[in-house]
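Tertiary structure, described
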Amino acid sequence: MKIQDIEVIAFKYTSRLVRDKEGHAHPGPEHEAVQTLTRITTDEGVEGYSFGGSPAMLEAARLVLVGEDPLNREKIWQQLRRFQRLYGPQLHDYYLAAIDLALWDLAGRFTGLPVYKLLGGYRDKVLAYASTMCGDDIPGGLDTPEHYADFAEACLAQGYKAFKLHTWMPPYDASPKRAVAACEAVRKRVGPDVHLMLDSHHFYSRTEALYIGRALEELDFHWFEEPMDERSMSSYIWLTEQLDIPVVGPETAGGLFYTRAEWIVNHASDISRYSVARGGLTAFIKCMHLCEAHGVALEVHGGGHGNLHALGAMGIPGEYYERGLLHPFYDYEAPQPWLNTRPDVLDPEGYVHVPQGPGLGLDLNWDYINSHRV
Ligand code: LLH
Ligand code: MG
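Along each chain, the written sequence defines residue order, and numbers are assigned to residues from 1. Here the convention is simple: chains get letters from A, ligands get numbers from 1, in the order in which they are written. Totals for whole chains, interfaces and linings use every residue, but because this is a predicted model, local features are given only for residues with pLDDT of at least 70 and side-chain atom pairs only at 80 or more, for both listing and counting. Excluding hydrogens and water, the side-chain values take into account all heavy atoms of the structure.

1. Quick notes on the overall build of the protein
The numbering of helices and of strands both runs from the N terminus, where a helix is a DSSP run of H or I of at least 4 residues and a strand a run of E of at least 2. Along the backbone of the protein there are 12 helices and 12 strands. The C-alpha atoms of the protein give 21 Å as radius of gyration, which agrees with the globular expectation for 374 residues (21 Å, within 12%). Projected onto its principal axes, the C-alpha positions of the protein cover 60 × 45 × 35 Å. Here the protein, with 374 residues, has 55% of them falling under the buried criterion. Computed by Shrake-Rupley with a 1.4 Å probe, the accessible areas treat only the displayed protein chains as cover when residues are assessed. Counting every atom, the protein has about 15400 Å² of accessible surface; 52% of that belongs to carbon and sulfur. Neither His nor the chain termini are counted; the positive set is Lys and Arg, and the negative set is Asp and Glu. Every charge is mapped to an atom, namely NZ of Lys, CZ of Arg, CG of Asp or CD of Glu. For the protein, the separation between the mean place of its 33 positive charges and that of its 51 negative charges on side chains is 4 Å. Based on C-alpha atoms, the radius of gyration is set beside the globule rule, defined as 2.2 Å times the residue count to the power 0.38. Each residue is assigned to one of three classes by its accessible area relative to the maximum for its type, calculated with a 1.4 Å probe on protein chains only: buried under 20%, partly exposed between the two thresholds, exposed over 50%.

Below, the structure written as structure tokens:
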């Protein structure tokens, strides 16, 4: 089997998410947005799909992919990784992820197996935590500590067993005291037994992060995520040394799993963090094994089909699926029009289930996609 082509399909949809001046998402008025889908085709008629990807990546991707056996994922990944040196932004880690995930999808469709079984299945469901959007000033939204507590209560009633606050970030008042007040209100409301996590403003100073971390220890929080600029690994070494609460990271730092290796050997965090969005499943597996070899847990960043399959194949914790981002005024459960079924339906016990269809299990609504192409 040989790859014939790779293309990017772009289509319009109506979004209710708006970005503030620092790029964080909040509920807002309806507007038009564009979603992309990467497609890889072969001479045997087998195809693979993944969300994401950009026309910018196609020139370099075609040089590597066309004529290659699509099952040679490692060979293709290594070539794309080397190409990143010269092609830079055209082969961003996110685009590598789209290509690699489409190849995994293709392999799954070819064999008739869900991707997590191809990887080596470990579990077919995983507990989800409710992950909030960042704080805002929308009355009754995520505008006060008490409203965070109201929302946590609503999420637990829906079945979630754990809740992660993203507290306020600029342009809103991101003072450490305000972040702690929201955490206090939520802990008071949900009682002592619920796992709570904080993902705060990502640019606190060392002393501000230490102040918040110590408060979270008092409140028996489960982990503390990305409170400082991750480009300063020494700040995280400093913080992790002083806190008992597990510090989680790095999440957004570049450098794929190589950076996670550096953080592990330098004791910069207690729990590592990775997403298939950073170089794809082929890169994710390398990170997962790296963590396992060092006895370090790995918490997966973000959701979607690829991350669900990764969680299904992880024998190390990986305790939770991140479901969100959620907000009292945003209907996360509403169907995505380009899918017939969403991948991460929450069951009453608080689990999401790994898709069982072949490949990534994308249940694409082609009528919608084709009639909204741009
Ligand atoms: O800053 C944000 O908007 C969020 O932190 C976002 O990046 C979210 O994906 C996250 O951190 N989840 O864990
Ligand atoms: Mg985070």
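2. Some thoughts on the pairing of strand β2 (residues 25-42)
The buried fraction of β2 amounts to 13 of the 18 residues, a majority that puts the element mostly inside the structure. Between the end of strand β1 (residues 3-19) and the start of β2, which pair antiparallel, lie 5 residues, with Gly 23 showing a positive phi angle near 95 degrees. Across 5 bridges, β2 lies against strand β3 (residues 47-51) in antiparallel orientation. Within β3, the position partnered with Leu 37 by the bridge is Phe 51. At least two DSSP bridges between two strands are required for those strands to pair.

3. A short note on the coordination of the magnesium ion (ligand 2)
Each metal's donors are the N, O and S atoms within 2.8 Å of it, or within 3.2 Å when it is Na, K or Ca, and because water is not part of the set, sites may look incomplete. Distances from the magnesium ion (ligand 2) to its protein donors, namely Asp 199 (OD), Glu 225 (OE) and Glu 251 (OE), fall within the range 2.0 to 2.1 Å. Read N to C, the donor residues that coordinate the magnesium ion (ligand 2) are spaced as D-x25-E-x25-E. Here Asp 199 is found in strand β6 (residues 195-199), whereas its partner Glu 251 is found in the loop between β8 (247-248) and α9 (256-265), with 52 residues between them in sequence. For the pair Asp 199 and Glu 251, a shared accessibility class is recorded, and that class is buried.

4. Let's talk about the nonpolar core
By nonpolar core is meant a set of buried Ala, Val, Leu, Ile, Met, Phe, Trp, Tyr and Cys residues that side-chain atoms within 4.5 Å join together. By size, the foremost hydrophobic cluster in this structure holds 104 residues, and its most contacted members are Ile 99 and Phe 284. A per-element tally of this core places helix α10 (residues 281-294) first, with 8 residues. The split of the chain into domains comes from an automatic or database domain assignment. The residues that make up this core include at least three from each of domain 1 (3-112 + 366-371) and domain 2 (118-353). Residues Tyr 129, Trp 223, Val 248 and Ile 271 belong to the second largest nonpolar core, which totals 7 residues.

5. A look at the site of ligand 1
One heavy atom within 4 Å of a molecule or strand is enough for the residue carrying it to be called near that molecule or strand. Taken together, His 24, Cys 134, Lys 164, His 166, Met 169, Asp 199, His 202, Glu 225, Glu 251, Arg 273, His 301 and Glu 322 make up the full set of residues adjacent to ligand 1. In the model, an oxygen atom of ligand 1 is placed 2.8 Å from a nitrogen or oxygen of the His 202 side chain. Definition of a polar contact: a pair of N or O atoms within 3.5 Å, with one able to donate and the other able to accept a hydrogen when the atoms are protein atoms, and with sequence-neighbouring residues admitted only if both atoms are side-chain atoms. A distance of 2.9 Å separates an oxygen atom of ligand 1 from a polar side-chain atom of His 301. A breakdown of the residues in the shell around ligand 1 according to their chemical character gives 2 nonpolar, 4 polar and 6 charged. Polarity classes work like this: nonpolar for Ala, Val, Leu, Ile, Met, Phe, Trp, Tyr, Cys and Pro, charged for Asp, Glu, Lys and Arg, and polar for all others, with Gly in that last group.

Purely geometric stuff here, so don't read any function into it on its own.
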